[in-house]
Amino acid sequence: MKKVIVMSELDNVATALESIDLGEGISVDIFGRGWELKAKAPIPFGHKIAIRPIKKGENVIKYGEVIGVATEDIDIGDWVHVHNVASLRGRGDLIEKERRG
Amino acid sequence: MTLWGYIRPDGSVGIRNHVLVISSVVCANEVTSSISNSVPGTVYVVHNEGCGQLGIDYEQTLRTLIGFGRNPNVASVLVIGLGCEKLDPRVLADGISSSGKRVEVLVIQEEGGTIKAKEKGIKIAEELVSEAYKMKREPIDLSSIVLALECGGSDATSGIAANPAMGFVSDYVVKAGGTSILSETPEFIGAEHILAKRAISEEVARKVFEIVERAEKSALAMGVDLRGTQPTRGNIEGGITTIEEKSLGCIYKAGKSPIQGVVEYAEPPKGKGLWIMDTPGHDVQSITGMVAGGAQVVLFSTGRGTPVGCPIAPVIKITGNPMTYEKMRDNIDINAGTIILGLETIEDVGLRILEELFLVINGKMTKAEALGHREFAITRIGPTM
């Protein structure tokens, strides 16, 4: 079983402590409450994997805090990164887009 | 372990005894580095500023250079100026010499050019070095240490392993009566509410929100996605997705201590304990600001690996990434990757960093020092005129 770490019990993502291949089994331990899941994508070392389903528009939580918003529906076992999460802060590009209409 | 340092005329404590050759303006850089390279026992600082700067931008450059000269790791200073620049080398020298240490000034135009200035500068520098070699280390207390906290080339392991271990050390130094500086304001974005809760007063909390808002607004004003630069390309490859995630990992390096106040770039903390300095996320500019503010030693965590050092303060490199440690052993002092591998706890590694810190205070060279890494950069506010 490959290892991941969950930083807070509020989190909906875990961080891979080793590289995980597509379909590999992962054991998740949230402060003593554990379960197993399968990776739905290759997860590079240090990258995040969803441990709960996250709907499009819902917050992504790590360290018990909001790290961004899901830009599409994310399933348990999905790779969670810049392709499906957007930052909510410092988005001058959004203001610029609004200004241009 | 007994700690040993150099007690300066103003009562501050140095852990190094550098003779610093410093240029007041970009035009004096060649003469400055040339003199220093000819005199073993000196270090030099050169930079691109000192002329064509306005108002607070000029004042910040002057404050940074004075702060470097005043830093307790510096025994004495030779200032090199050109002669017509905005930043008067004598004003710089006066700002440094009020600390009680010896400061000499050499002005290239007054000496009659590069060759004459170099000849005279080498003689002065040699004299300063022979004086500095007579100074002896004395027993010192950890409470006289000002720690700079930095992270650079972060990846997912920084927030999980290296920064929490560094936070243990910062809390230890603060509890012992020392001082610690957390910097890199853009890397508080998304974590400022946590820092504000740790502020000792409403006013300090408000100041934390204020500097973060200022940093975020400057990105918004440029009409760009902050993600173009924060997190960096390397951060993203290392698993950090957003600035919020980077920030939440970053602030672990300041442990759990209460925040005493917020100071400007290169401004010394106004007391003991944990302080915030408003600096950019740019590692070299941030370290330069904290060392100008009086930090004698830098703890620097890195996930991706970085060689960066400082001309006058030892930089202790810590990585939380076991693969980076193996790849860049020449540059990294502490392997905190053992936390990721489940071999050590955060506290185990914290104690190892603390032991290394004590050794470095007492004179052990860090990897960055041994390799000659002496990066220096002053952050700019306004345009060049």
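Everything that follows concerns the structure shown earlier in this document.
Read on for an overview of the structure. (Residues numbered from 1 in each chain as written. Chains lettered and ligands numbered in written order. Predicted model: local features only at pLDDT ≥ 70, side-chain atom pairs only at ≥ 80, totals over all residues. Heavy atoms only, no water.)

## Comments concerning helix 6 (residues 156-175) of chain B
All names here are of chain B.
Turning to step 1, where the next piece is worked out: Taking 1.5 Å per residue, 20 residues should reach 28 Å; helix 6 reaches 28 Å between its end C-alpha atoms and fits that length.
Turning to step 2, where the next piece is worked out: For helix 6, the principal kink sits at Asn-163 and spans about 35°; a proline, Pro-164, occurs within the next four residues.
Turning to step 3, where the next piece is worked out: For helix 6, a buried count of 17 out of 20 residues is recorded, marking the element as mostly surrounded by other parts of the structure.
Turning to step 4, where the next piece is worked out: Backbone geometry just after helix 6 places Gly-177 at a positive phi near 95°. (Helix = DSSP H or I, 4+ residues; strand = E, 2+ residues; numbered from the N terminus. Expected span 1.5 Å × (residues − 1). Bend = angle between axes of the 7 residues up to and from the residue. Buried < 20%, exposed > 50% of the residue type's maximum accessible area, 1.4 Å probe, protein only.)

## Notes on the pairing of strand 3 (residues 18-23) of chain B
Residues and elements named next belong to chain B.
Turning to step 1, where the next piece is worked out: Within strand 3, six of the six residues are buried, which leaves it mostly tucked inside the rest of the structure.
Turning to step 2, where the next piece is worked out: Side chains of strand 3 alternate between two faces, with His-18, Leu-20 and Ile-22 and Val-19, Val-21 and Ser-23 buried alike.
Turning to step 3, where the next piece is worked out: As paired elements, strand 3 and strand 5 (residues 74-81) share six bridges and run parallel to each other. When the sheet's bridge partners are listed, Val-21 is paired in strand 5 with Leu-78. (Pairing = 2+ DSSP bridges.)

## Some details on the packing of helix 2 (residues 55-70) of chain B against helix 3 (residues 89-97) of chain B
Residue and element names in this part refer to chain B.
Turning to step 1, where the next piece is worked out: Here helix 2 crosses helix 3 at 45°, and the two axes come no closer than 8 Å. Classified by the angle their axes make, helix 2 and helix 3 are oblique. The crossing of helix 2 and helix 3 is right-handed. Seen from helix 2, the contacting residues are Leu-62, Leu-65, Ile-66, Gly-69 and Arg-70; seen from helix 3, they are Val-91, Leu-92, Gly-95 and Ile-96.
Turning to step 2, where the next piece is worked out: Of the residues contributing to the contact of helix 2 with helix 3, the split by class is six nonpolar, two polar and one charged. (Axes fitted to C-alpha atoms, helices over the stretch in contact; angles between N-to-C directions. Parallel < 35°, antiparallel > 145°, perpendicular 65-115°, else oblique. Left-handed = near helix turned anticlockwise from the far one by under 90°. Contact = heavy atoms within 4.5 Å. Nonpolar A, V, L, I, M, F, W, Y, C, P; charged D, E, K, R; others polar.)

## Thoughts on the state of the cysteines
Residue and element names in this part refer to chain B.
Turning to step 1, where the next piece is worked out: Tallied over the full model, the rule gives zero disulfides over all chains.
Turning to step 2, where the next piece is worked out: Among the cysteines around Cys-27, which has no disulfide bond, Cys-51 carries the closest sulfur, lying 6.3 Å off.
Turning to step 3, where the next piece is worked out: Owing to a relative accessible area of 46%, Cys-27 belongs among the partly exposed residues under this scheme.
Turning to step 4, where the next piece is worked out: With no disulfide of its own, Cys-310 has Cys-151 as its nearest cysteine by sulfur position, at a separation of 17 Å. (Disulfide = S-S within 2.5 Å.)

## Quick look at helix 5 (residues 114-132) of chain B
Residue and element names in this part refer to chain B.
Turning to step 1, where the next piece is worked out: An ideal rise of 1.5 Å per residue puts 27 Å on 19 residues; helix 5 measures up with 26 Å between its terminal C-alpha atoms.
Turning to step 2, where the next piece is worked out: Burial in helix 5 covers these residues: Ala-117, Gly-121, Ile-124, Ala-125, Leu-128, Val-129 and Ala-132. Here the buried residues of helix 5 occupy an arc of 140° about the axis, which is enough to place them on one side. Across from the buried face of helix 5, at angles greater than 90 degrees, the exposed residues are Ile-115, Glu-119 and Lys-123.
Turning to step 3, where the next piece is worked out: Where helix 5 is buried, its residues contact strand 3, helix 1 (29-38), strand 4 (42-45), strand 5, strand 6 (103-107) and helix 4 (108-111). (Arc of directions from axis to C-beta.)

## Focus: the packing of aromatic side chains
Turning to step 1, where the next piece is worked out: Summed over all chains, the structure comprises two aromatic pairs over all chains.
Turning to step 2, where the next piece is worked out: Ring plane angle 45° and centroid distance 5.4 Å describe the contact between Tyr-63 of chain A and Tyr-252 of chain B, whose orientation is recorded as tilted. Of this pair, Tyr-63 of chain A sits in the loop between strand 6 (59-62) and strand 7 (65-70) while Tyr-252 of chain B sits in the loop between helix 10 (243-250) and strand 10 (259-263), each in a different chain.
Turning to step 3, where the next piece is worked out: Look at Tyr-252 of chain B and you get partly exposed, because its relative accessible area is 31%.
Turning to step 4, where the next piece is worked out: Both rings, one in Phe-68 of chain B and one in Phe-376 of chain B, keep their centres 4.8 Å apart while their planes meet at 85°; by these two values the pair is edge-to-face. Of this pair, Phe-68 of chain B sits in helix 2 while Phe-376 of chain B sits in the segment after helix 15 (367-370), placing them 308 residues apart in sequence. Per residue, the accessibility class of Phe-68 of chain B equals that of Phe-376 of chain B, and both read buried.
Turning to step 5, where the next piece is worked out: Here the guanidinium or amino end of Lys-317 of chain B rests over the ring plane of Phe-300 of chain B, the centre of that ring lying 5.1 Å away. (Phe/Tyr/Trp six-rings, centres within 6.5 Å; stacked < 30°, edge-to-face > 60°. Lys NZ or Arg CZ within 6 Å of the ring centre and 35° of its normal.)

## Considerations on the nonpolar core
Residue and element names in this part refer to chain B.
Turning to step 1, where the next piece is worked out: Core analysis: the largest hydrophobic core is formed by 65 residues, its most contacted members being Ile-276, Leu-299, Ile-318, Leu-357 and Ile-361.
Turning to step 2, where the next piece is worked out: Examining the composition of this core, we find that eight residues originate from one element, helix 6, more than from any other.
Turning to step 3, where the next piece is worked out: The residues touching Ile-318, leaving out its near neighbours within four places in the chain, are Ala-162, Met-166, Leu-299, Phe-300, Ser-301, Thr-302, Ile-332, Ile-334, Ala-336 and Ile-353.
Turning to step 4, where the next piece is worked out: Judged by nonpolar contacts, the second largest core, of 42 residues, contains Leu-87, Val-103, Ile-181 and Val-315. (Core = buried A, V, L, I, M, F, W, Y, C linked by side-chain atoms within 4.5 Å.)

## Examining the interface of chain B and chain A
Turning to step 1, where the next piece is worked out: Tallying the contact residues gives 35 residues for chain B and 28 residues for chain A.
Turning to step 2, where the next piece is worked out: The contact between chain B and chain A buries some 2,500 Å² in all, and 59% of this surface belongs to carbon and sulfur atoms.
Turning to step 3, where the next piece is worked out: If you look at where chain B meets chain A, you find four salt bridges.
Turning to step 4, where the next piece is worked out: Salt-bridge contacts for Arg-89 of chain A lead to Glu-216 of chain B; the nearest nitrogen and oxygen are separated by 2.7 Å.
Turning to step 5, where the next piece is worked out: The tally of links between chain B and chain A comes to 14 residue pairs in polar contact (both at pLDDT 80 or more).
Turning to step 6, where the next piece is worked out: Every element with two or more residues in the side of chain B that touches chain A is listed here: helix 6, helix 7 (192-197), helix 8 (202-221), helix 9 (233-237), helix 10 and helix 12 (322-327) of chain B.
Turning to step 7, where the next piece is worked out: Of all the elements, helix 10 of chain B adds the most residues to the side of chain B that touches chain A, at five residues.
Turning to step 8, where the next piece is worked out: Its residues assigned to classes, the side of chain B that touches chain A shows 17 nonpolar, eleven polar and seven charged. (Buried area = accessible area lost by both parts, 1.4 Å probe. Salt bridge = Lys/Arg side-chain N within 4 Å of Asp/Glu carboxyl O. Polar contact = N/O pair within 3.5 Å; in protein donor to acceptor, adjacent residues only side chain to side chain.)

## A short note on the sheet that holds strand 12 (residues 297-302) of chain B
Residues and elements named next belong to chain B.
Turning to step 1, where the next piece is worked out: Strand order in this open sheet of seven strands is 10-11-9-8-12-13-14, and the pairing throughout is parallel. The open sheet has two free edges, formed respectively by strand 10 and strand 14 (334-335), since each of these has just one partner strand.
Turning to step 2, where the next piece is worked out: Pairing geometry for strand 13 (residues 315-319) and strand 14, over two bridges, is parallel. The residue of strand 14 that forms the bridge with Thr-319 is Asn-335.

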